[in-house]
Structure formats: structure tokens, C-alpha cells
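Results of the structural survey
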There are 2 protein chains.
Amino acid sequence: MFQRLRGTRDFYPEEMAARNKVFKIIRETAERYGFVEIVSPAIESFDLIAKKSGEDIREEIYAFEDKGGRTICLIPEFTPSVSRMIANRQKELGKPLKWFSIPRHWRYERPQSGRLREFYQLNVDIFGSKSPKADTEVLSVGISIMLNLGLKDFLFHISNREFLHGLLQEYNVSDIHEAFRIIDKREKIPEEEFIESLLNCGIKNYDEILDVLDSVNIDNIENFKGRNKMMDRSIGNLLDISRYLDYYGFREYCTLDLSVVRGLAYYTGMVFEVYDKKKEMRSLFGGGRYDDLVESFGGEPTPAVGFGMGDVVLELMMKKEGVWPEEKTYIDYYIANIGDVDRHVLSIARKLRDKGYKVTFDLVDRNLSNQLKYADKINAKNVIFVGEKELKEGKILIKNMETGEQKKVEIGKI
Amino acid sequence: MFQRLRGTRDFYPEEMAARNKVFKIIRETAERYGFVEIVSPAIESFDLIAKKSGEDIREEIYAFEDKGGRTICLIPEFTPSVSRMIANRQKELGKPLKWFSIPRHWRYERPQSGRLREFYQLNVDIFGSKSPKADTEVLSVGISIMLNLGLKDFLFHISNREFLHGLLQEYNVSDIHEAFRIIDKREKIPEEEFIESLLNCGIKNYDEILDVLDSVNIDNIENFKGRNKMMDRSIGNLLDISRYLDYYGFREYCTLDLSVVRGLAYYTGMVFEVYDKKKEMRSLFGGGRYDDLVESFGGEPTPAVGFGMGDVVLELMMKKEGVWPEEKTYIDYYIANIGDVDRHVLSIARKLRDKGYKVTFDLVDRNLSNQLKYADKINAKNVIFVGEKELKEGKILIKNMETGEQKKVEIGKI
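On a predicted model such as this, the values are computed, not experimentally measured, just so you know.

What follows deals with the environment of A:Lys225. All names here are of chain A. With respect to the element layout, Lys225 can be found in the loop between α8 (206-215) and α9 (229-248). Owing to a relative accessible area of 40%, Lys225 belongs among the partly exposed residues under this scheme. Once the C-alpha coordinates of Lys225 and Ala18 are considered, the two residues, 207 residues apart in sequence, prove to be 49 Å apart.

All right, on to the domain arrangement of chain A then. Partitioning chain A into domains gives domain 1 (13-320) and domain 2 (331-413). For domain 1 of chain A versus domain 2 of chain A, the distance between C-alpha centres works out to 52 Å.

Turning our attention to the relation of the copies chain B and chain A. The two copies are related by a screw motion: chain B maps onto chain A through a turn of 180 degrees and a shift of 0.0 Å along the axis, at an RMSD of 0.0 Å. Interpreted geometrically, this transformation is the action of a two-fold axis. Ranked by how close their C-alpha atoms come to the rotation axis, the residues of chain B are headed by B:Phe64, at 3.2 Å. A share of 99% of the interface residues of chain B reappears at the interface of chain A, consistent with the copies meeting face to face through the same patch.

A few words on a negative patch on the surface. Residues and elements named next belong to chain A. Together, Asp47, Glu55, Asp56, Glu59 and Glu60 make up a region of like negative charge exposed at the surface. Among the structural elements, Asp56 can be located in the loop between α2 (46-53) and β3 (63-65). For Asp56, a relative accessible area of 63% puts it in the exposed group.

What follows covers the interface of chain B and chain A. Contacts between chain B and chain A engage 100 residues on the former and 99 residues on the latter. In total, about 8,600 Å² of surface goes out of reach between chain B and chain A, with carbon and sulfur atoms giving 60% of it. The largest per-residue losses of area from chain B upon contact with chain A belong to B:Phe2, B:Tyr12 and B:Leu363, which jointly make up 10% of the total buried on that side. In this structure, the connection of chain B to chain A is made through ten salt bridges. Across the pair A:Arg89 and B:Glu15 runs a salt bridge, and its minimum N-O distance is 3.0 Å. Linking chain B to chain A there are 50 residue pairs in polar contact (both at pLDDT 80 or more). For the side of chain B that touches chain A, the residue count by class is 45 nonpolar, 19 polar and 36 charged.

It is worth spelling out the packing of helix α2 (residues 46-53) of chain B against helix α3 (residues 79-88) of chain B at this point. All names here are of chain B. Close contact between α2 and α3 brings their axes to 9 Å; oriented N to C, the two are set at 105 degrees. Judged by the angle between their axes, α2 and α3 are roughly perpendicular. Contacts between α2 and α3 pair Leu48, Ile49 and Lys52 from the former with Thr79, Pro80, Ser81 and Arg84 from the latter. Of the residues in the contact of α2 with α3, the class split is three nonpolar, two polar and two charged.

Below, the discussion takes up the packing of aromatic side chains. Counting across every chain of the model gives 49 aromatic pairs over all chains. Consider the rings of A:Trp99 and B:Tyr12, whose centres lie 5.9 Å apart with planes at 75 degrees: the pair is edge-to-face. With A:Trp99 in strand β5 (residues 97-101) and B:Tyr12 in the segment before α1 (13-32), this residue pair bridges two chains. In this structure B:Tyr12 comes out as buried when scored by relative accessible area, which is 2%. In textbook terms, an aromatic cluster arises when at least three aromatic residues are bridged by ring pairs, as seen for A:Tyr33, A:Phe154, A:Phe156, A:Tyr248, A:Phe250, A:Tyr253, A:Phe272, A:Phe285 and A:Phe307. The ring of A:Tyr12 is capped by B:Arg89, whose NZ or CZ atom sits 3.7 Å from the centre of that ring. A cation over a ring is seen here: B:Arg243 above B:Tyr244, with NZ or CZ 5.1 Å from the ring centre.

Quick notes on the rules
- Residues numbered from 1 in each chain as written.
- Chains lettered and ligands numbered in written order.
- Predicted model: local features only at pLDDT ≥ 70, side-chain atom pairs only at ≥ 80, totals over all residues.
- Heavy atoms only, no water.
- Helix = DSSP H or I, 4+ residues; strand = E, 2+ residues; numbered from the N terminus.
- Buried < 20%, exposed > 50% of the residue type's maximum accessible area, 1.4 Å probe, protein only.
- Domains from an automatic or database assignment.
- Least-squares fit on C-alpha atoms with pLDDT ≥ 70 in both.
- Contact = heavy atoms within 4.5 Å.
- Patch = residues over 30% accessible without salt bridge, like charges linked within 9 Å, V, L, I, M, F, W, Y side chains within 5 Å.
- Areas by Shrake-Rupley, 256 points an atom, 1.4 Å probe, with all protein chains shown as cover.
- Salt bridge = Lys/Arg side-chain N within 4 Å of Asp/Glu carboxyl O.
- Lys, Arg positive; Asp, Glu negative; His and termini not counted.
- Charge placed at Lys NZ, Arg CZ, Asp CG, Glu CD.
- Buried area = accessible area lost by both parts, 1.4 Å probe.
- Polar contact = N/O pair within 3.5 Å; in protein donor to acceptor, adjacent residues only side chain to side chain.
- Nonpolar A, V, L, I, M, F, W, Y, C, P; charged D, E, K, R; others polar.
- Axes fitted to C-alpha atoms, helices over the stretch in contact; angles between N-to-C directions.
- Parallel < 35°, antiparallel > 145°, perpendicular 65-115°, else oblique.
- Phe/Tyr/Trp six-rings, centres within 6.5 Å; stacked < 30°, edge-to-face > 60°.
- Lys NZ or Arg CZ within 6 Å of the ring centre and 35° of its normal.

Structure, rendered in C-alpha cells:
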């Protein structure tokens, strides 16, 4: 028998119903924040993807030659496509843009808990604003989505790359990106290995640097002002974000955490990672500011801030908290027939459907008992009994399957 | 500058808004008919696709080797995937199943009007019923979708393959599938070429056969009964469908047209094609009964009937009839600031969003005039003016941008 490919999923009706509910909440929340939905193609030229991530990404994605000899790929992430879309129409688009999308992405990875080869990802971005208000909007829409999905056990760990960048410069660290990469791994590797990596990177005063990262909080961060421009700028940004979060009423969901750097090289300012409160699980999702990327794709200089949230980890998280929606489909009316009453069944179905109800009826000549079993299987809220006897009185019987309540209704009055 | 691949589309917010409206109508209509939504992976093993269409399909699709050496492909159609899904869970699924899906499909074809390399396709199918009522449900949901989308210029041309099959047997035609293929092309090729093909296929009495096809209508079809079992069965099926369509109130959108055979080999009973009333354009979409396919994919014998409707032709058709939705996004409230009022702007935004409104505000420190230009660009229905002066009175000003009406509101009463 044929099987689906490893790392892909089939969504049968019940699973799909739950997923549609989750995506609906996400869509509606993003729209309340003034974000508008876009979609890009699932396939792009490999050059576009490699432009951001380098040629080596080829090993981790689905890339192949098409019949015209072009190397194309299934998109592993959204940023290159959306940057291309902005560059392609930059003259017409009125900035700032608040865009979201829930595309599928594909990565050739070993499937494991929380990681699949084909997945959906919510991408939310603001293009064309450098303001900490834009940073705050991105954080706030993320928080609102979590709350509207019923999640409670989460905390946004907020940082700004420029703080660490400035701090590393204070200590004359030359390979800043390598230092970022190492510090990003701090909690994922043994301490000895971590310190060895720092030393190899030429960071002798690593203990002083780590001390600063660990001791800074939102109440004392101003004490670190006056060292250099990058640190000052990041402190200003973080204090602004904190203030805006306060005005907005979302500060309780956030904490300042300068140990957050995020591995990807392209972030330029505020960055964040979302963890469970006790920080027992790995990061749920994250994002940040990337002011140089759109320009690198051929667009005008366009500051940007956003995040990506995959559906696989989201589902795990929601199931852990017991807020994943019930996986159930339903129908408003099942019309059961008793005898030769097709004409009436079909005309009642038509009337109810025209009114917007979900309606079905027997398609396999079942007897009444088996019709009722099927009605139960497809979760019919009501069953309408259309029988020759009642029809002579011009009536049908409607039974509410939840309450058991029955009533006879004149056929003309449906 | 990077460009999207040929034959693919970007959906910018306005285009996406229109498309979302169209897909919403399609979804809601399918659900009223008791269909439930499913999704399958975008990638499948090539064997699955070739099982239905043969190895030659490789030339027309995106097929490639993955890193594990498996030949996989981007799905060019839905039937193989959905047949696999049914075979994979046949024990649990309570038939009949009424399923729909709006996946993306990919075909490596020369892009042209109505044909792209990446497109969406609505797939609607009933599995597990041989009844002409199921045939009628599929036709009816198709008609309802067209009507609910605002389309008027269409006619469903309904046939049954068994009629022609039986008729060809009467004339001792041996290669039935080749004969189907030729007759399917009748209106697409010059008459001489058509007749030559028929003669090559060993159909000497082609004129008698074509005479029958052309002269049969719903009122005289019973006269053709009694020739052979296949013809009798198809006549019974078509008369039943006609009767059910009558009960349902949709007969006016349908015509009996035995010249419809559909090219694909796997149809086994009722088939249909939808044309504009004058039949000036090529077929808009079509479908039919395919009772043997699921079994060929390793499932239990499962009669099936359904159709696929691509979004590219649908959009052309809707634009031609002037019923494609307006391509416009909007926002309920734009909050304009005058002076240092961030605290209030953010807290008003929070309140309105919590109530479900779409709200945004300035993220780029614009002056009032430029804020209003932006509000207009993003189609704000209302603008709230938050100014230091009014705030001293505890008030804000709300302007309805459609009517021009303004009112002062106490800030606590928003």
C-alpha cells in the first residue's frame, strides 16, 4: 500500500477542523493588529534562497533542477520570498507594510518531535519602520496570538543584539558573528565546551561579559549607558519597548534577557525568543529586527521586524497545555428518509442549505436504523425524519440529538 | 533583481483579499452540502502519481530525486493522494465520505491564459456511494458554488460514459478507450482529421454513432433502452439524475450532452463538463464517476464521484462576468496622534483590538497630514484623533471616513 512521505502529514477532516480553528484565531488576531495576508509561490529559484542562507543550505532543503535547467527549490522559509515581493513592487507599496502569511515550508531534516519535513509557519512582519513601536507591535501580536489560542505558560525573552555587539567591542572581540553564534548555544552545550569555544574565539574576559549579560535587568540597564553608541542605542530601544509594552498592558508577558542573541546572522536590533515560564522546553518560536535584508535582495533600504512561528511546535505546546481544539466535524441536519420520499428530502435539503445550514442525507439506501448510526458518526446536531405517514399530514419530525427534544413541523414552514 | 518563477504568482494583500473572499464562498458552500475539508502533503512519491497516470506523466510534472534517492514530486492533481488517504485508513472511515480540499498543484506546462505552473484547485468528492443521488450531490454543489460566486453564464453538460461504451460495443468497436479519446477531441480538431481518426480506430459506422450522440436528449433517451445492459444502465442513471435535479430545483443549469466523454481513462459512469452557455470558451471544469480508482491504489472497492475546479480559469471566468471581488483591504480604525500621546494611542488600540476591530497607528513618526494620507492608503474606515488638547478634556475625536461624520467621545467610553 502507498504511504505518505516521511515527515509529511495527512490532515483528515477531524484534524483539519481543529487546525482550521487554530489558523482562524491566528488570522483574526493578526488582522486586528492591522496585518494583511499575502501568499508567495511554494517554489522559488535556488539563488534567491542561497542569497540569504548561502549555498550550503542546499543540503538541508528540497532543491532540484527543473526541465529548463534552472535550480529551483521548495521554500524552506519566508523571508527571501517576501523580500523579493517588496523589491519587485517597491514603488507602489505604501510603507510601513504590515504583512502576514501562513505558508507551507519544506526542509530536508531528520523528522523528530517538533520538527517535520513539511510544515506550516505563521510569518508576521512590519516593513518600513525603525521605531521601537514597530518592535512592540510585533511582540504584542505574538503575545495576543498566544493568549487568544488559550496559552498561558509562556514568556517572551527580549534582547537587542546591539547591546552584546557593543559589549563585545568593549572587550576588543573581533569576530562578532562567531561570538554571537557561540553565546546563542550557551544553554545547549556543556559549560566546558562553551568556555573553550569562547576562548578559541579570542574572548579572554568571557566571565566579565557573561556577568554583564546575566546581571542586566530592566531596572538596572540604564547604569550601562555611556559606554559606547551601540550599547546606548540598544538600551534606549529596550527601554522604549518596555514603556510601550507597559502602555499596551503586555509587560507581564515579557522579560529582558540579554542572553538571547538568536543564531541567524541577519538580525540587527531587537531579538526575542519565547519559552515556557520555567524554560524547560526549547524555544517555542522567536524573531527580531533585520534592517538590512530587503536591501540585500535588491530593494530600497527597508527596516524590518518580524517573527516566524511553526505549527508543529505550536501544536505540541497547545496539546501540552490542553488547549488544542476538539478534533471533531459536525453537520447541522441529517435528513433521514422512511419510504419513497426523495422529492421531499431533496427539496428540504435545498431549503436548509440556502439558509446556510450544513445538511446531508442518505446516499447509500440504508434503512432507518443504519441512517441514524451514520448521522451519529458524522455528528449530526439534528435529524429530520421524512416519512410517508407524516407527509400525508404535511409534516416532518425534527429531533435535536443533543437534548433529545422532538417536534413536528409543517413542511411548508421549514 | 530576483523574479518569481514563470507560471507562479505572488498574491499581494489586495489580490489575497479577493482570493480569500472567493475561497470563503467555496468553503462555505461545500460545507453546506456536508463536505468536510482535508489536506494532503504537497509532495508524494512519484510511484503514487504514476500509478494513476503512467510513467510518462514525469515529463509534465515537477519530479525529482530527494537526498534519500527516492523519486518524489509536487502533486499535479489530488485524486492519487486522496485515494491513498482512504486506503490508509479504510477501517476507521465511515462511508460515504464527502470530502473537499483546495490544495495547490504544480504542472510543468507552458504558461498561457488559464494555465499556470502553480495553481489552486478545489477538489470535491464523494466516496462510498454508487447512487445517482451522489452524482446529483456533486453536480449540485458545483452549481451552488457557481451561483454563490455570482456566475450566471454556465451550463453543466452531463453524460454517462457507459452509454457511449455500450453504443460502441453495438458497432463492434474494439478499442473503446481510444474511441473515447478521439470523440473527446471532436470539437478541438478539424472534422476531416476527426473522421480519419475514427476510421483508423476501426469505427466504420461513425456517422450512425455520431447521429445517436447528437440526437439523444432527456426527452427521447428512453427510446434507446433495450439495446444492451451498459446503455440501459446509463439511461437509468441519467434519468435518475435528471429527476433528482428536478426535485432539487437545479435542472435549469444542466443539459444532457452525450458528446461529453472526458479524456481521462478512469471515469466509469456519469461525466460532466461545464461550459459557458454559448459554448464559446473551452470547458471551465468537469468531473465524473470513477468507481475503480481507490481499489487500484490498494483500498477496498470504493465507488467515487467528484470534480476538480482550478482557480486560474475560475478567476478568468469571474472577471469576464464582472463578479470577481473588489481587490481591496481595509482597517476599521487608524489612530492618529497629535503630540506626545503614545500612552493613550496604545491603550486605545488595545481596547479596540480586544473588541475585535482591525486597528493600526503611526509607526514612523509622521505628522498629522502624512498620517491621514497613510490612513487613506490603507483604506481606514474611521480615524481616531488623539490630541493633547482634547485629552485635557478627557476626550478624543472619531471621524467616519465614508460619511465624514465626526464625534467627540469620552476616552473612558470607547
